Amino acid sequence: MSEDIAYHEYDVLVIGAGGAGLRAAIEAAEGGLKTAVLGKSLLGKAHTVMAEGGVAAALGNVDPQDGWETHFYDTMRSGHFVSDYRMAEIHAKESPDRVLELEYWGAVFDRTPEGKIMQRPFGAHTFRRLAHVGDRTGKELIRTLEQKLMTLDVDVFQEITATKLFKDQDRVAGCIAYYRDDGRFAVFTAKAVVIATGGWGKAYKVTSNSWESTGDGAALAFRAGAELADMEMVQFHPTGMTWPPGARGILVTEGVRGEGGLLFNSEGERFMEKYDPARKELSSRDVVARGIYKEVKAGRGTPHGGAWLDITHKGAAFIKRKLPGMYEQLLSLADVDITKSHFEVAPTIHYTMGGLRVEAQTGATSVPGLFAAGECAAGLHGANRLGGNSLSDILVFGRRAGAGAMEYAKNAKMPKIDGAEVQAEMQRVLAPLARTEGENPYRLHEELQEIMANHVGIERNGPSLEAGLQKMQELRERTEHMQAKGSRQFNPGWHGVFDVQNMTLLSEAILRGAIARKESRGAQWRTDFPDEMEDQGRVNYVQRLTDHGIEVRPEPVPQMPEELAALFKRGVAPGLANSARKE
Amino acid sequence: MPDEITLSVYRGDKSGGQEVEFKVPMQTGMVVLDALHFIQAHDAPDLAVRWNCKAAHCGSCSAEINGSPKLLCKTRVDDYVGEVIHVRPMHSFPVIKDLVTDVSWNYEKLRQVPAFQPAIKAPFTLQQRDVDRIQEFRNCIECFLCQNICHVLRDHDAKDRYWGPRLMIRIAELEMHPLDTGDRLELLKGAAGVGMCNITKCCTVVCPQGIDITDNGIIPLKERVADVYWDPLGGLVRKLHK
Ligand SMILES: Cc1cc2nc3c(=O)[nH]c(=O)nc-3n(C[C@H](O)[C@H](O)[C@H](O)COP(=O)(O)OP(=O)(O)OC[C@H]3O[C@@H](n4cnc5c(N)ncnc54)[C@H](O)[C@@H]3O)c2cc1C
Ligand code: SF4
Ligand code: SF4
Ligand code: FES
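Calculation criteria
- Residues numbered from 1 in each chain as written.
- Chains lettered and ligands numbered in written order.
- Predicted model: local features only at pLDDT ≥ 70, side-chain atom pairs only at ≥ 80, totals over all residues.
- Heavy atoms only, no water.
- Helix = DSSP H or I, 4+ residues; strand = E, 2+ residues; numbered from the N terminus.
- Buried < 20%, exposed > 50% of the residue type's maximum accessible area, 1.4 Å probe, protein only.
- Contact = heavy atoms within 4.5 Å.
- Areas by Shrake-Rupley, 256 points an atom, 1.4 Å probe, with all protein chains shown as cover.
- Lys, Arg positive; Asp, Glu negative; His and termini not counted.
- Charge placed at Lys NZ, Arg CZ, Asp CG, Glu CD.
- Near = heavy atom within 4 Å.
- Polar contact = N/O pair within 3.5 Å; in protein donor to acceptor, adjacent residues only side chain to side chain.
- Phe/Tyr/Trp six-rings, centres within 6.5 Å; stacked < 30°, edge-to-face > 60°.
- Nonpolar A, V, L, I, M, F, W, Y, C, P; charged D, E, K, R; others polar.
- Domains from an automatic or database assignment.
- Buried area = accessible area lost by both parts, 1.4 Å probe.
- Salt bridge = Lys/Arg side-chain N within 4 Å of Asp/Glu carboxyl O.
- Pairing = 2+ DSSP bridges.
- Axes fitted to C-alpha atoms, helices over the stretch in contact; angles between N-to-C directions.
- Parallel < 35°, antiparallel > 145°, perpendicular 65-115°, else oblique.
- Left-handed = near helix turned anticlockwise from the far one by under 90°.
- Expected span 1.5 Å × (residues − 1).

Considering the overall build of chain B
Across its full length, chain B holds ten helices and seven strands. Judged by the C-alpha coordinates and their principal axes, chain B covers about 65 × 40 × 30 Å. With 242 residues in all, chain B has 59% of them scored as buried. Relative to all contacts within chain B whose residues are 6 or more apart in sequence, the contacts with residues 24 or more apart total 63%. Accessible surface, chain B as shown: approximately 10,000 Å² in total, 51% of it carbon and sulfur. Computed over 29 positive and 32 negative side-chain charges, the inter-centroid distance for chain B is 6 Å.

In C-alpha cells, the structure reads:
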C-alpha cells in the first residue's frame, strides 16, 4: 500500500488527553523526556471537562478533623473492600498535594471565609472534602493542566485516534493512529506508553458520558496482553436527567444533594430514609441508585420513571451561586427552574470502576513498558466509586504513571515496530471504507447498548447474564463486517467502527465479570445472589485475552497491613474517633 | 408542534460546498445537535460535527444557526418553529469538513501567553470577592464563538494584528490574579493588539457562558495599557503596588 505515513519517536507516549493523560505528560516532560500526548478531541475538551461536583482531598479546610486516614477509610468502605488498599492509601495521602499544585499552576477554587480552598460535602464522605469551583470543577482542572502543559515542551496531537498497540518481543513498542480530520496514519514508536483513555460508559444508552468514552485504550491494551480487573463494576449515578428524551442520562451533579437537595417518590415520601437512615440522600451511589430503581419498580416513580429531586428550600440566590451550571442546564434543556420547582432524576451510567490492572506505585500493567492511569485503570474504586475520587485519582495516578513511564524509558532502548504489522493494521482500518456492503456501525452500537441495558444493567441475574453473553458474542462476530460510507475525511461513521469494536470487547468482559462474581457487592447487584459474601467475595476477577478468547480468574484482594486494618475496627471513621477521644 | 422539522446543513470541505436539506422527526425538547445525530444515524453517516458533553460544558459544538453563532447542544429546535433551520460552520475559521473548522490558530495564540507566575507557594490565602472576577473569566469553555463573531477577525481577517476576545479574557484572568507577578501589558499593546478592539460588544452578546467580555475584561485591560504607556508616572506607581 502506498501511503503517506508520518513516523514519530518518543521516550514517553501518552494516549489520552483527559486529566490523567495531561498530568502524566507533564510529569514526563518536567523530567526532561521527549513526550507526546494524543487525544480524540481538541485539547481541553476531553471527558474530564464535564466533571462538575469537585475533587476529593483531605485538606481539612472546612472540617479540620479530616485527614488521609478518614479519606482512606471512606474509599475502602465505599469500594466494599475490593479496592487495592495500596492505591487507596497513596490516593488519600497525595490528593491534597495534587490539588494545591493545581492552585499553584493557576486554578482558582472557591474560597472559605478565611480565604482557603472551599470544600463541600458529598455522598459517603465523612467530612466536607470536595474542593470545587461551583459546579464546573472538571473544566478548572483540565484547563489548568492544559495551560501548564503549554509551558512545557510536549507535542500535542489533537483529534487523532489510536487503533492498535505494537510490541517488540514482550514489551510495548508504540501505536498506530489515524488523524480524524483527513484519515492519514501516524506511527508512534515509544520506549514507554501510558494509556489514559478514560472509561466506556457509551456501551450503555442512558449515560452521562461523552462519545469519547468507548474504552479504546483498555481494549487496545487488553489485545496487547494486559490484564483487566473488576470489569463487572460499572457505576450508575443516581441522578441523571430523564427528560426531554434527547437529554436523558445527562448528569445532574451530586453537588445538588451535597448542597442540601432531597429525594422524594411520587407519593411525596423521602424514601432514602428507608434505605440508609443515617446518610439518606448522601449515601453511596450504589445505594441511592438502587433506592430510586426500587421505588420506580414498586410503582412510586415520577412520570418519566425516576424520583423527584428538590432543592428549592435553599432559595434562589444560594442555588444560583452554588450550582449555576445546573440551574442553567435544567432551565435551557428541560424548561425547569430548579429554584422554584422540583425535577425528575433517574440513574444513569456514569463510571467504569474496572479496567486495566496496574501496579499501585507506578501504574505499570502486566505488559512491560505499558502503563495506565485514570478511569481506564482498575484498583482504586473497587465495587463503587466515591464522588470526587475520580478527579483526585487522575491527578495522583496520572502523575505516578507519568513517573513510572519515565523511569522505565530512562533505562530502555528504543523498540522496533514491525513494518508488516503496520501494513496489516492499515488495511484493517481502511477495510470498512472499501466494503460495498456490510453492517451499519450506528445500528450495531444501538444493538450493543440494548444488550447491555437488558442483560447487565442495575439489576442482574445468572440466566440473563448468560443470555447476554451469547448475544454479545454474536454481535462481536458481526462487528468484523462493518461498512463505512463516505471518505477518510472527518467521517464519524468510519470512526464509529472502531469505537463499536472496542466496546464490544469490553462489554463481553463486563458480562463475564458479572457472571463470575456470584454475589452482590457495590455496583454488582444480583437478584440470584442477593448477599455480599464476606469471605469468598473478597476477590478481584482478573481477565486475560488468549487465543481461545477471554479467561477469567479470581485473585484474592491484597491484605492490608495491621495498622491500616486497625482503622476499620473501631466501627467509626478515624477522624470522628480521634475527635471523640480528644473531647 | 410539527411532526417534522427541516434542517439545511452545510456539507463541504476546503474546496467548497453547499447546504443540503434533511427532514428530521420532531421530539420534545430536542436540540439542534440531536437533530444532527439523527441525520448521521439515518441519512448521512459521514456528516462531520464536533461535540462532547451535550450540556454546554465543553465548547466543542460551535456553529452558526440561522446566521447566529451558537452552541448546537444548547439551541432548542422549538425556537425555530415554522422555519427551516440553517446550520453552517463558523465563518471565521477555515472549514475542514461540514460543520468542523480548523481552530488551531486559537491554540497557537494561547500557547504564546506567558503563564501564571505566582509570587508565593500554594496554599494561597485568597478572598472569594477578590477572585470572583477571574472565576468569571475562567468559566470560558473555549468555544471560540466570540472569536468567530468579532468583526476584527471576521470581516477584516486581522488575525495578525489582534488575538481576539477569548485571548483577551485569558490575559485578563492572569493580569487580575491577585498573586500573579507576570507582566503582559507590552504583549497586549503590541502583538495581541488590544487597541484593535473598538468595543462593539458583539463578543459579549454571543458568549454562551455569559461572560462580560468587554466591560469586565477588555475595557479594564485597555485602561491598564493606557495607564502605563500614556502616563509613565501612574504606570510606575501601579507597578510598585502590584
Ligand atoms: C458529567 C460528569 C461529571 C463528573 N463529575 C465528577 C466529579 O465531580 N468529581 C469526580 O471526581 N469525577 C467526576 N466525573 C468522573 C470524571 O470526570 C472522569 O472519570 C475523569 O475525568 C476521567 O478522566 P481520564 O483522564 O481518566 O479520562 P478522560 O477525561 O475520559 O480522557 C480520555 C482521553 O483519552 C482520549 N482517547 C480515548 N481513546 C483514544 C484513542 N483511541 N486514541 C487517542 N486518544 C484517545 C480521549 O480523547 C481523551 O482525551 C464526572 C463524569 C461525568 C461524565
Ligand atoms: S468588543 Fe472588541 S473584541 Fe468584542 S467583538 Fe467588538 S471589537 Fe471584537
Ligand atoms: S469567552 Fe465566551 S464566547 Fe469566547 S470562547 Fe470563552 S465561552 Fe466562548
Ligand atoms: S457538546 Fe459540549 S458544548 Fe456542546
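Details of the site of ligand 1
All names here are of chain A. Close to ligand 1 lie 39 residues, the nearest being Thr 48, Gly 53, Glu 212, Glu 375 and Leu 391. Ser 390 is positioned such that a nitrogen or oxygen atom in its side chain is 2.8 Å from an oxygen atom of ligand 1. In isolation ligand 1 exposes 1,000 Å². Once the protein is present, 98% of that is buried. Looking at the shell around ligand 1, the elements that each hand over two or more residues are helix H1 (19-30), strand E7 (160-168), strand E14 (343-352) and helix H11 (389-410). A total of four residues in the shell around ligand 1 trace back to one element, the largest contributor, which is H11.

Re the packing of aromatic side chains
All names here are of chain A. Using the criterion set out here, one finds 15 aromatic pairs over all chains in the structure. Taking the centre distance of 5.2 Å and the plane angle of 15° together, the rings of Tyr 73 and Phe 568 count as stacked. Of this pair, Tyr 73 sits in helix H2 (residues 68-78) while Phe 568 is found in the loop between helix H16 (562-565) and helix H17 (574-582), placing the two residues 495 residues apart along the sequence. Residue Tyr 73 is classed as buried on the basis of its relative accessible area of 5%. Residue Phe 568 is classed as buried on the basis of its relative accessible area, which comes to 19%. Arranged with centres 5.2 Å apart and planes meeting at 75°, the rings of Phe 81 and Phe 568 form a pair that is edge-to-face. In this pair, Phe 81 sits in the loop between H2 and helix H3 (85-104) while Phe 568 sits in the loop between H16 and H17, placing the two residues 487 residues apart along the sequence. Of the two residues, Phe 81 and Phe 568, neither departs from the other in class, the shared state being buried.

A closer look at the site of ligand 3
The environment of ligand 3 is made up of B:Cys140, B:Ile141, B:Glu142, B:Cys143, B:Phe144, B:Cys146, B:Cys207, B:Pro208, B:Gln209 and B:Ile213. The class makeup of the residues in the shell around ligand 3 is eight nonpolar, one polar and one charged.

Some words on the domain arrangement of chain B
All names here are of chain B. As assigned here, chain B comprises domain 1 (4-101) and domain 2 (104-241). Taking only C-alpha atoms, the centre of domain 1 and the centre of domain 2 are 31 Å apart. Every contact between the two is made by 15 residues of domain 1 and, on the other side, 16 residues of domain 2. Here domain 1 and domain 2 share an interface that buries about 1,200 Å² over both sides, 57% of which is from carbon and sulfur atoms. In terms of surface lost to domain 2, no three residues of domain 1 exceed Pro 69, Ser 92 and Phe 93, which account for 45% of the buried area on that side. Viewed at the interface, domain 2 and domain 1 are joined by one salt bridge. With its nearest N and O atoms 2.9 Å apart, the salt bridge here joins Glu 64 to Arg 154. Looking at the side of domain 1 that touches domain 2, its residues break down into seven nonpolar, five polar and three charged.

Notes on the sheet that holds strand E3 (residues 55-56) of chain A
Residues and elements named next belong to chain A. Spatial ordering of the open sheet is given by E3-E5-E4, a layout of three strands whose pairing is antiparallel. A single partner strand is all that each edge strand has here, and the edge strands are E3 and strand E4 (119-120). Both E4 and strand E5 (residues 130-131) contribute to a ladder of two bridges, which runs antiparallel. Bridge pairing in E5 links Arg 120 to Leu 130.

Some words on the packing of helix H2 (residues 104-111) of chain B against helix H6 (residues 165-175) of chain B
All names here are of chain B. Where H2 contacts H6, the axes come no closer than 10 Å and their chain directions differ by 25°. In terms of axis orientation, H2 runs roughly parallel to H6. Note on packing geometry: the crossing formed by H2 with H6 is right-handed. Contacts between H2 and H6 involve Asn 106, Lys 109 and Leu 110 on the former and, on the latter, Arg 166, Leu 167 and Arg 170. Considering only residue class, the contact of H2 with H6 consists of two nonpolar, one polar and three charged.

Considerations on the interface of chain B and chain A
Of the residues lining the interface, 60 residues belong to chain B; the matching set on chain A comes to 64 residues. Taken together, the links from chain B to chain A amount to five salt bridges. The closest approach of N and O atoms between A:Glu140 and B:Arg138, which form a salt bridge, is 2.5 Å. Here chain B and chain A share 41 residue pairs in polar contact (both at pLDDT 80 or more) between them. For the side of chain B that touches chain A, the element with the highest residue contribution is helix H3 (residues 128-138) of chain B, accounting for five residues. Looking at the side of chain B that touches chain A residue by residue, the classes come out as 29 nonpolar, 16 polar and 15 charged.

Quick notes on the packing of helix H13 (residues 441-455) of chain A against helix H15 (residues 492-516) of chain A
Residues and elements named next belong to chain A. One way to put it is that H13 packs onto H15 with a least axis distance of 9 Å and a crossing angle of 20°. Overall, the two elements H13 and H15 adopt an arrangement that is roughly parallel. For the crossing formed where H13 meets H15, the hand is left-handed. Here H13 contributes Pro 441, Tyr 442, Leu 444, His 445, Leu 448, Met 452 and His 455 to the contact with H15, which in turn contributes Pro 492, Gly 493, Gly 496, Val 497, Val 500, Met 503, Thr 504, Ser 507, Ile 510 and Leu 511. A class-by-class count of the residues in the contact of H13 with H15 yields eleven nonpolar, six polar and no charged.

Thoughts on unusual backbone geometry
Residues and elements named next belong to chain A. The step from Trp 243 to Pro 244 runs through a cis peptide bond, and the omega angle for that step is -5°. Here Pro 244 is to be found in the loop between strand E11 (234-241) and helix H6 (255-258). Phi at Ala 124 is positive, roughly 65°, even though this residue is not glycine. Summarising the element assignment, Ala 124 is placed in the loop between E4 and E5. By relative accessible area, Ala 124 is classed as buried at 8%.

Notes on H15(A)
An ideal rise of 1.5 Å per residue puts 36 Å on 25 residues; H15(A) measures up with 36 Å between its terminal C-alpha atoms. Most of H15(A) is tucked away, with 24 of its 25 residues classed as buried.

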